[in-house]
Amino acid sequence: MHPITAMEITASVIFVIVIFVIAVLLPDKIRKISLITAGSITVLLLVFFAVRPYWLDYQVSKRTEQLNQYLEVKYPGEEWEISRQAGRQYNPYHLEVRFSNEKDWIYIYSVVDAENIHQSVWGVPGAMAPSDGKHYELYPLEK
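Just so you know, the residues in each chain are numbered from 1, in the order the chain's sequence is written. For this predicted model, a pLDDT threshold of at least 70 governs which residues receive local features, and a threshold of 80 or more governs which side-chain atom pairs are given and counted, while totals over whole chains, interfaces and linings are taken from all residues. Side-chain metrics rest on all non-hydrogen atoms present in the structure, leaving aside hydrogens and water.

**Focus on the pattern of salt bridges**
Any two side chains of opposite charge can pair if their charged atoms end up close together.
Alright, step 1. Salt-bridge detection follows one rule: a side-chain nitrogen of Lys or Arg within 4 Å of a carboxyl oxygen of Asp or Glu. For the structure shown, the criterion picks out 3 salt bridges.
Alright, step 2. Between Arg31 and Asp28 there is a salt bridge; the shortest N-O distance is 2.9 Å. With Arg31 and Asp28 both in helix H2 (residues 28-74) and 3 residues apart, this pair spans about one turn of that helix.
Alright, step 3. The partner of Arg84 in a salt bridge is Asp57, with the nearest N and O atoms 3.8 Å apart. A residue pair is termed long-range when its members are at least 10 positions apart, and Arg84 in strand S1 (residues 80-84) and Asp57 in helix H2 qualify at 27 residues. For the purposes of this entry, the term helix denotes a DSSP run of H or I that reaches at least four residues, the term strand denotes a run of E that reaches at least two, and both are numbered from the N terminus.

So this is what it looks like as structure tokens:
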């Protein structure tokens, strides 16, 4: 488990404990509704932590397909490999592309949606400049 995930779960557990303690200490008239509210918040947090990884995987697969379509139009007839940086510290919507005719180069594309895809980072070999790459794209500042 990634440390960020562990911290989120720990903070959520502390939060749930605090709201249950507060709910138990409230007067009898509102204790039942406050316990139901605390229980509902607990269930929502459990659902959130259970569903989030699947939701992210779905979004990444959708954006990978969008990037693949973008690259097919931009670089027809070429081959590439799309991957994602592992770890919670990386943006899951920044996808690494390695072209088969530029083995040592890494191009990272930011994929917001099918209409908003651009290169955001370049991994260049040695002392070369990003603009020396065959697939370097200068992102227009204004559209």
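**Regarding the environment of Tyr75**
Alright, step 1. Turning to its location among the elements, Tyr75 is positioned in the loop between H2 and S1.
Alright, step 2. With a relative accessible area of 10%, Tyr75 lands in the buried category.
Alright, step 3. Expressed as a C-alpha distance, the spacing of Tyr75 and His135, which sit 60 residues apart in the sequence, is 8.4 Å.
Alright, step 4. Setting aside anything within four residues of it in sequence, one finds Tyr75 in contact with Trp80, Phe99, Tyr109, His135 and Glu137. Only protein chains enter the accessibility calculation, which uses a 1.4 Å probe; a residue whose area is less than 20% of its type maximum is buried, one above 50% is exposed, and one in between is partly exposed. Contacts are assigned to residue pairs with any non-hydrogen atoms lying within 4.5 Å of each other.

**Here's the deal with the environment of Glu96**
Alright, step 1. Along the chain, Glu96 falls in strand S2 (residues 94-99).
Alright, step 2. Among the residues examined, Glu96 registers a relative accessible area of 14% and is labelled buried.
Alright, step 3. C-alpha separation for the pair Glu96 and Tyr107, spaced 11 residues apart in sequence, amounts to 5.7 Å.
Alright, step 4. Not counting residues up to four positions away in its chain, the partners in contact with Glu96 are Glu81, Ile82, Ser83, Gln85, Ile106, Tyr107 and Ile108.
Alright, step 5. Distance and chemistry together define a polar contact, namely a pair of N or O atoms within 3.5 Å, with one atom able to donate a hydrogen and the other to accept it when in protein, and with adjacent residues in sequence counting only for side-chain atoms on both sides. At 3.5 Å, the side chain of Glu96 and the side chain of Gln85 are in polar contact.

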